[in-house]
Amino acid sequence: MTAQLIDGKALAAKVRDEVKQEAAALTARYGRPPGIAVVRVGDDPASQVYVTSKEKTAKELGFGSWHHHFPATMTQGELLAVVARLNADPLVDGILVQLPLPKHLDANAVLAAIEPSKDVDGFHATNAGLLFQGRPGLVPCTPAGCMRMLQEIRYDVTGKRCVVIGRSTIVGRPMAMLLLNASATVIVCHSKSDVAAEVQRADVVVAAVGVSKLVKGDWVKPGAIVIDVGMNRGADGKLSGDVDFDAAKERAAWITPVPGGVGPMTIAMLMHNTVVAAKARR
Ligand code: NAP
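From a predicted model like this one, the values you see are computed outputs, not experimental measurements.

Comments concerning the site of the ligand
Piece 1. Around the ligand, the structure places 20 residues, and the nearest of them are Arg167, Ser168, Ser191, Met231 and Thr266.
Piece 2. For the ligand, an oxygen atom lies 3.0 Å from a polar atom in the backbone of Met231.
Piece 3. Here the ligand has 930 Å² of accessible area as a free molecule, and 69% of this is covered by the chains.
Piece 4. Considering every element that reaches the shell around the ligand, the biggest residue donor is helix α10 (residues 262-281), with three residues.

With respect to the pattern of salt bridges
Piece 1. Going through the model one piece at a time under the given rule, you end up with twelve salt bridges.
Piece 2. For the salt bridge of Arg201 with Glu198, the shortest nitrogen-to-oxygen distance reads 3.3 Å.
Piece 3. For Glu198, a relative accessible area of 18% puts it in the buried group.
Piece 4. Among the salt bridges present, the one from Lys221 reaches Asp203, with a minimum N-O distance of 2.7 Å. Of the two residues, Lys221 is situated in the loop between β7 (204-207) and β8 (225-228) and Asp203 in the loop between α8 (195-200) and β7; the sequence distance between them amounts to 18 residues.

Regarding the sheet that holds strand β3 (residues 64-70)
Piece 1. On the basis of which strands lie adjacent, the open sheet formed by three strands has the order β3-β2-β4 and parallel pairing. Whereas interior strands pair on both sides, the edge strands pair on one side only; in this sheet they are β3 and β4 (94-97). Strand-to-strand twist of the sheet, defined as the mean angle between neighbouring strand axes without regard to direction, takes the value 15°.
Piece 2. Pairing analysis gives four bridges linking strand β2 (residues 35-41) to β4, with the strands arranged parallel. Following the sheet pairing, Val39 is matched in β4 by Val97.

Some words on helix α7 (residues 172-181)
Piece 1. Summarising burial for α7: seven of the ten residues are buried, a large majority.
Piece 2. On its buried face, α7 is in contact with α5 (125-132), α6 (141-152), β5 (161-165), β6 (185-189) and β7.
Piece 3. Within two residues after α7, Ser183 carries a phi angle of roughly 70°, on the positive side.

Observations concerning the domain arrangement of the protein chain
Piece 1. Domain boundaries in the protein chain define domain 1 (31-115) and domain 2 (140-262).
Piece 2. Relative to domain 2, the C-alpha centre of domain 1 lies at a distance of 29 Å.

Notes on the nonpolar core
Piece 1. By size, the foremost hydrophobic cluster in this structure holds 51 residues, and its most contacted members are Phe63, Leu179 and Met271.
Piece 2. When residues of this core are assigned to their parent elements, the largest contribution, ten residues, is made by α10.
Piece 3. Shared between two domains, this core takes at least three residues from each, and those domains are domain 1 (31-115) and domain 2 (140-262).
Piece 4. Setting aside anything within four residues of it in sequence, one finds Leu179 in contact with Met147, Leu150, Val157, Cys162, Val164, Ala184 and Val186.
Piece 5. Within the second largest apolar cluster, 20 residues are counted, among which are Ala3, Ala196, Val243 and Ile255.

Rules used throughout
- Residues numbered from 1 in each chain as written.
- Predicted model: local features only at pLDDT ≥ 70, side-chain atom pairs only at ≥ 80, totals over all residues.
- Heavy atoms only, no water.
- Near = heavy atom within 4 Å.
- Polar contact = N/O pair within 3.5 Å; in protein donor to acceptor, adjacent residues only side chain to side chain.
- Areas by Shrake-Rupley, 256 points an atom, 1.4 Å probe, with all protein chains shown as cover.
- Helix = DSSP H or I, 4+ residues; strand = E, 2+ residues; numbered from the N terminus.
- Salt bridge = Lys/Arg side-chain N within 4 Å of Asp/Glu carboxyl O.
- Buried < 20%, exposed > 50% of the residue type's maximum accessible area, 1.4 Å probe, protein only.
- Pairing = 2+ DSSP bridges.
- Axes fitted to C-alpha atoms, helices over the stretch in contact; angles between N-to-C directions.
- Contact = heavy atoms within 4.5 Å.
- Domains from an automatic or database assignment.
- Core = buried A, V, L, I, M, F, W, Y, C linked by side-chain atoms within 4.5 Å.

The structure is reproduced here in structure tokens:
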């Protein structure tokens, strides 16, 4: 079997189109667009690329968009004061503090200071708690994008055995909760798990590990759905996923490529979250 590709680039474009229409409707109704503020501290080159891309997308979709960039010498108190100002700003519906922060800053304390209704990354304990309880809230963008991919191929996870590899707070855990809330049977693997044994029995595999080609093709159950969140930059500069794509595609029914799979979905879902936040706040 050769798997069908889940085209994240095309789906992200579709999500952006939907969001653009919703943003235009909000602007027409309330006289101002959804607004997102991105805070960046220091000069991490990858963060700069991500923030530029988020700002560009927000502008293309007709959002209000503000990029606050501060030197790496910024203090915790100064950063908390910026967050407090954005929390109080009625034009700002979404606040995103780009991680990683310089080492002397306490990222947990900064994320906790963001008003939960503006927490478009979905990292605040209030939003994590709502997800845990199966109640509506702002959901972390990458796992939300994975769920949207499953929806797009009309795959119903009800009762399916879904294996999530990775238990980070930004991908693995929220992914597991989203699948559980959708009535899947969920198994979460991590560095102490027998990953091969679990993958072999999985109807759906979501790999969010950060180890290139950890998931071997012959682990994949024939006909499974494989979603690869991994983004691993090799010594040759090439990007690879956590799944051995060439081998896995011979057994899976559907598979996401890297690049062009989950990656493009993340920013699209961030914009979706900003519209969700804007609607809830109006
Ligand atoms: P992370 O915080 O480093 O978490 C990695 C998880 O993988 C941990 O739970 C770890 O287990 C587990 N793990 C590590 N080695 C393992 C092994 N050999 N077998 C089984 N599990 C293992 O990473 P993350 O932030 O979740 O990101 C994961 C990957 O997704 C990275 O490649 C990252 O670049 C990518 N990512 C992509 C996007 C996107 O937009 N496409 C967004 C976010 C992240 P322990 O908990 O036991 O240590």
